[in-house]
Amino acid sequence: MKILKFLHKIHSLFFYKLVRFVFRLDKVFMENPDMEWVMYKALYAISVIQVIWYFTFLKIMEIIIKKTIPDIFEDQLISNLLIIGVISAFNYFTLIHKKRWFKYDEEFAAYSKTKNRIINIAIPVFYILSAALSFFLIDVCANLHHAGEIVDF
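The model shown is predicted, which means the values in this text are computed figures rather than measured ones.

Rules and cut-offs
Residues numbered from 1 in each chain as written. Predicted model: local features only at pLDDT ≥ 70, side-chain atom pairs only at ≥ 80, totals over all residues. Heavy atoms only, no water. Helix = DSSP H or I, 4+ residues; strand = E, 2+ residues; numbered from the N terminus. Contact = heavy atoms within 4.5 Å. Areas by Shrake-Rupley, 256 points an atom, 1.4 Å probe, with all protein chains shown as cover. Lys, Arg positive; Asp, Glu negative; His and termini not counted. Charge placed at Lys NZ, Arg CZ, Asp CG, Glu CD. Buried < 20%, exposed > 50% of the residue type's maximum accessible area, 1.4 Å probe, protein only.

To continue, consider the overall build of the protein chain. Tallying secondary structure elements over the protein chain gives five helices and zero strands in all. Going residue by residue from the N terminus, the α and β elements of the protein chain occur as α-α-α-α-α. Long-range contacts, defined as pairs at least 24 residues apart, comprise 76% of the intrachain contacts of the protein chain with a sequence gap of at least 6. Total accessible area computed for the protein chain in this model is approximately 10900 Å², and 69% of it derives from carbon and sulfur atoms. In the protein chain, which carries 18 positive and 14 negative side-chain charges, the distance between the mean positions of the two groups comes to 14 Å.

Written out as structure tokens, the structure reads:
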């Protein structure tokens, strides 16, 4: 149970940093941005990032098992929209619904400057490495498909 609580805290920290980033960005264009819209923009951003991680994980699995992962439905669009919907609903109910991420708000705001700098550097580096891994896996998977080393089910 401690592990799940710790993972929720990290998930909330990512969301908190995204909310702060979107709030500062909106403040450039508006005098007083609406916090509810800021939270929904951050929710959209974290959902897109997690969808990219999901598809990256699928590519890793294809490379490991050397077979194409079959879709749940015959049409890829339906299964992809279903996954996007599940990820978005998960993020909504674990973060925004009943303002669950607010219980960590004061703790995150009280972090020291050094800890904040480390987190502010670590999060973009993590996202950049995730994007690089995703592009690398797409290239590797395309080369393996072209060579015929990954077969379809």
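Take the side chain of Thr56 next. Residue placement: Thr56 occurs in helix α2 (residues 35-65). Residue contacts for Thr56: discarding those within four places in its chain leaves Leu133, Ser134 and Leu137.

Looking at the secondary structure, you find Ser12 in helix α1 (residues 2-29). Setting aside residues no more than four positions away along its own chain, Ser12 makes contact with Leu95, Trp101, Tyr104 and Phe108.

Right, let's talk about unusual backbone geometry for a bit. Most peptide bonds adopt trans geometry, and most residues besides glycine take a negative phi value. Positive phi is not limited to glycine here, since Lys98 has a value of about 60°. Structurally, Lys98 can be placed in the loop between α3 (76-96) and α4 (105-109). Residue classification places Lys98 among the exposed residues on the basis of a relative accessible area of 67%. Residue Lys99 is not a glycine yet carries a positive backbone phi of 50°. Looking at the element boundaries, Lys99 is found in the loop between α3 and α4.

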